[in-house]
Amino acid sequence: MLKQLSLTNWKSFGPEGPANPPLQFAPLTLLVGPNASGKSNALDALRFLQGAALFSLGDVLRGHSEAGVEIWPPIRGGVVEAAHAGTDTFTLGARWEVPSGHVRHRIVVSTEGEVTASDDSIDLESGGHAGIARDSHSPWSRLARVRNDPPPPADLAFADEVGRELREAVFLDIRPSLMRAYRPLNGGHLGTSGENVSPVLAALPEDKLADVVDWLSELCGPEIACLEFDVTKLREVMMILVERGGRKISARSVSDGTLRFLGLVVALLTAPTGALLVIEEPDVGLHPSRIRLLAELLENLTRKRHIQVIATTHSATLLAHLSPESLANVVAFGRDADTGDTHCRRLGELPHFETLRDSKNIEQLISTGWLERAL
Ligand SMILES: Nc1ncnc2c1ncn2[C@@H]1O[C@H](COP(=O)(O)OP(=O)(O)OP(=O)(O)O)[C@@H](O)[C@H]1O
Ligand SMILES: [Mg+2]
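Nothing here was measured: the structure is a model prediction, and the numbers come from that model.

**Some words on the overall build of the protein chain**
And step 1. A tally of regular secondary structure across the protein chain gives 13 helices and 18 strands.
And step 2. Sorting the 375 residues of the protein chain into buried and exposed places 42% on the buried side.
And step 3. Sequence separation of 24 or more characterises 57% of the internal contacts of the protein chain that already satisfy a separation of 6 or more.

As structure tokens, then:
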């Protein structure tokens, strides 16, 4: 599980110091704050770290294609705007809880000329160090083994564990328009946009499919009876939503909000146990009366499936429906009035947290800017 992330001179995050403390993460952490306050920049840093466990650093920022097919989209802003304006070096530090213990990973990246790391290393807090050497073809765990000197393999398990956490992390920015097409059966993962929802659903065991239908029925009322699948001769599949009374609606005509919610449910039900899910604005497209269901979905499945969710949101209603514990773990983002840099704080650490928690009208406090003033 990711416990902490420190972002130094990364995009809108400024230099190291008291104004830029590390972000703290729980099993469910929502990131809130005004537009352009740096929430997605923080998620971009996680994407960078995942990419760095898979590709060369330049490719992580610029994007990576194989045989003309893009398999890793570029990070927003590419190489030029990865480092904080006026600088050309950024440092990302992450603290993970893995089976071997607590582990710190730190990477210092220069974007001047070729993108290179001057430090890229992993430390087990109870002792043990692995440096990571990179070339454009080798996965990081093998390189960690190569570099550590002398490397009794058991001592490097923690480096492998961090690499696995990163590679298994799921990023979701759901686009209903991409979920409406026939897709090849055995389409693999859901996809960042949820584009493979039909094949992933078609491959689910009956009990999981029943769970999906249950959650959907909560969203849409009792009209949903089951999901069916249309498979073409070319082994492509599209899901069909069957309403009570027998009416069948293909993915082409299912509503945007239903598809968004469906994508979320499928991601949360199919992510490997222990995996990190990073989600952009899961509340988008949901009617305010259904946001309670979203809070329930996120809290319920992170707990039951032992997965970790980090998600951005603009929904004050979503915060109002969180348990006090999840509310304390929300991270509020803002921009420093003097420097313009991102600053953030866990709500539980705010001196006025009790006022927020006990307020009968959290939504009003948040939508009137109380939170930004309290930061
Ligand atoms: N290299 C950089 N140096 C300084 N600031 C940057 C840099 N790159 C991006 N920014 C700032 O970060 C902002 C984008 O932040 P981000 O996308 O994280 O916002 P957000 O909180 O997700 O907002 P929204 O809710 O609108 O999605 C830009 O508008 C810019 O002000
Ligand atoms: Mg954003």
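**Re the site of ligand 1**
And step 1. The environment of ligand 1 is formed by 16 residues, the closest being Ser12, Asn35, Lys39, Ser40 and Asn41.
And step 2. Considering every element that reaches the shell around ligand 1, the biggest residue donor is helix H1 (residues 39–52), with three residues.
And step 3. For the shell around ligand 1, the per-class residue count stands at three nonpolar, ten polar and three charged.

**A short note on the packing of helix H7 (residues 256–270) against helix H8 (residues 291–305)**
And step 1. Two elements in contact, H7 and H8, have axes separated by 10 Å at closest approach and are oriented at 15 degrees. For the element pair H7 / H8, the angle class is roughly parallel. Relative to H8, the crossing made by H7 is right-handed. Residues Leu264, Val265, Leu268 and Leu269 of H7 form the contact with H8, whose participating residues are Leu297, Leu301 and Arg305.
And step 2. Looking at side-chain class alone, the contact of H7 with H8 contains six nonpolar, no polar and one charged residues.

**Brief notes about the nonpolar core**
And step 1. Counting 106 residues, the largest nonpolar core has Val265, Val266, Leu268 and Leu277 as the members making the most contacts within it.
And step 2. Both domains that furnish three or more residues to this core are identified here as domain 1 (2–169 + 276–374) and domain 2 (175–274).
And step 3. Not counting residues up to four positions away in its chain, the partners in contact with Val265 are Val212, Trp215 and Leu297.

**Structural notes on H1**
And step 1. Relative to the 20 Å expected for 14 residues at 1.5 Å per residue, H1 spans 20 Å between its end C-alpha atoms, a close match to the ideal helical length.
And step 2. Of all the 14 residues making up H1, 14 are buried; the element is thus mostly covered by neighbouring parts of the structure.

**Observations concerning unusual backbone geometry**
And step 1. In this structure, Ala36 takes a positive phi of about 65 degrees despite not being glycine.
And step 2. Position of Ala36 among the secondary structure elements: in the loop between strand E3 (28–32) and H1.
And step 3. One non-glycine residue, Glu281, lies in the positive phi region at around 45 degrees.
And step 4. The topology assignment puts Glu281 in the loop between strand E15 (276–279) and H8.

**Points about the domain arrangement of the protein chain**
And step 1. When the domains of the protein chain are assigned, the result is domain 1 (2–169 + 276–374) and domain 2 (175–274).
And step 2. Here the C-alpha centroids of domain 1 and domain 2 sit 28 Å apart.
And step 3. With 13 residues of domain 1 at the interface, the matching set in domain 2 holds 16 residues.
And step 4. Here the element with the most residues in the side of domain 1 that touches domain 2 is H8; it accounts for four residues.

**Regarding the environment of Leu322**
And step 1. Summarising the element assignment, Leu322 is placed in the loop between helix H9 (316–320) and helix H10 (324–328).
And step 2. With 20 C-beta atoms packed within 10 Å, Leu322 lands in the buried category.
And step 3. Among all residues touching Leu322, those that are not within four sequence positions of it are Ala295 and Leu327.

**Considerations on the sheet that holds E15**
And step 1. Spatial strand order, E10-E15-E16-E3-E17-E18: six strands in an open sheet with mixed pairing. The sheet terminates laterally at strand E10 (170–172) and strand E18 (342–346), the two strands that pair on one side only. Going from strand to strand, the sheet's axes swing by 15 degrees on average, the running direction of each strand aside.

**Side note on the packing of helix H6 (residues 206–220) against H7**
And step 1. Interaxial distance between H6 and H7 falls to 10 Å at its minimum, and their mutual angle equals 145 degrees. When you trace H6 past H7, the crossing you get is right-handed. Residues Lys208, Asp211, Val212, Trp215, Leu216, Leu219 and Cys220 of H6 lie in contact with H7, whose contacting residues are Thr258, Phe261, Leu262, Val265, Val266 and Leu269.
And step 2. Partitioned by chemical class, the residues of the contact of H6 with H7 number ten nonpolar, one polar and two charged.

**With respect to the pairing of strand E8 (residues 116–124)**
The two faces of a sheet get side chains in turn, since along a regular strand they alternate between them.
And step 1. Note that strand E7 (residues 101–110) and E8 share eight bridges and pair antiparallel. Directly across from His105, in E8, lies its bridge partner Ile122.
And step 2. If you look at the hairpin formed by E7 and E8, you'll find five residues sitting between the two strands, and Gly113 has a positive phi there, around 65 degrees.
And step 3. Here three bridges tie E8 to strand E9 (residues 129–131), and the two strands are oriented antiparallel to one another.

What counts, and where the lines are drawn
- Residues numbered from 1 in each chain as written.
- Chains lettered and ligands numbered in written order.
- Predicted model: local features only at pLDDT ≥ 70, side-chain atom pairs only at ≥ 80, totals over all residues.
- Helix = DSSP H or I, 4+ residues; strand = E, 2+ residues; numbered from the N terminus.
- Buried ≥ 20, exposed ≤ 12 C-beta atoms within 10 Å, placed from the backbone.
- Contact = placed C-beta atoms within 7 Å.
- Near = placed C-beta within 6 Å.
- Nonpolar A, V, L, I, M, F, W, Y, C, P; charged D, E, K, R; others polar.
- Axes fitted to C-alpha atoms, helices over the stretch in contact; angles between N-to-C directions.
- Parallel < 35°, antiparallel > 145°, perpendicular 65-115°, else oblique.
- Left-handed = near helix turned anticlockwise from the far one by under 90°.
- Core = buried A, V, L, I, M, F, W, Y, C linked by C-beta atoms within 7 Å.
- Domains from an automatic or database assignment.
- Expected span 1.5 Å × (residues − 1).
- Pairing = 2+ DSSP bridges.

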